[in-house]
Amino acid sequence: MNHQSSPTGLPGQSGIPHHIPVKLPAPAPVELYADPRGFVWQLVEDGPGGRLFVPEQVNPASVPRMFWATEAELAEHVGPLHRVERAA
């Protein structure tokens, strides 16, 4: 056993931290939809209240929920949305 003092002051530690590998869950894939103009929206929530969208380039975490658009609002103002696939 190593009895030299370590940076933490505890005996038996070499001062080199031991990293425990942790497998993080993969982020959920972003579902993208385009309107008839070609503008792309990302699906933020698909729940009992309906589907909610923000523009593709917007981080939903930085936009208050009151500014998310419902599918009905988008259909009324820009037309129906259709699913689009993006290369990974």
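Below you will find a few notes about this structure.

**Observations concerning the sheet that holds strand β3 (residues 50–55)**
Then, in step 1: Strands sit in the order β4-β3-β2-β1-β5 across an open sheet of five strands; the sheet is antiparallel. The open sheet terminates on both sides in strands that have one partner only, identified here as β4 (69–70) and β5 (82–84).
Then, in step 2: With three bridges connecting them, strand β1 (residues 32–34) and strand β2 (residues 40–47) associate as antiparallel partners. Residue pairing in the sheet places A34 in a bridge with V40 of β2.

**Section: the pairing of β2**
Then, in step 1: Adjacent in sequence and paired antiparallel, β1 and β2 are bridged by five residues, among which G38 carries a positive phi angle near 95°.
Then, in step 2: Note that β2 and β3 share six bridges and pair antiparallel. From the neighbouring strand, L43 faces β3, where its bridge partner is F53.
Then, in step 3: Once β2 ends, the chain turns through two residues before running back antiparallel as β3.

Calculation rules
- Residues numbered from 1 in each chain as written.
- Predicted model: local features only at pLDDT ≥ 70, side-chain atom pairs only at ≥ 80, totals over all residues.
- Heavy atoms only, no water.
- Pairing = 2+ DSSP bridges.
- Helix = DSSP H or I, 4+ residues; strand = E, 2+ residues; numbered from the N terminus.

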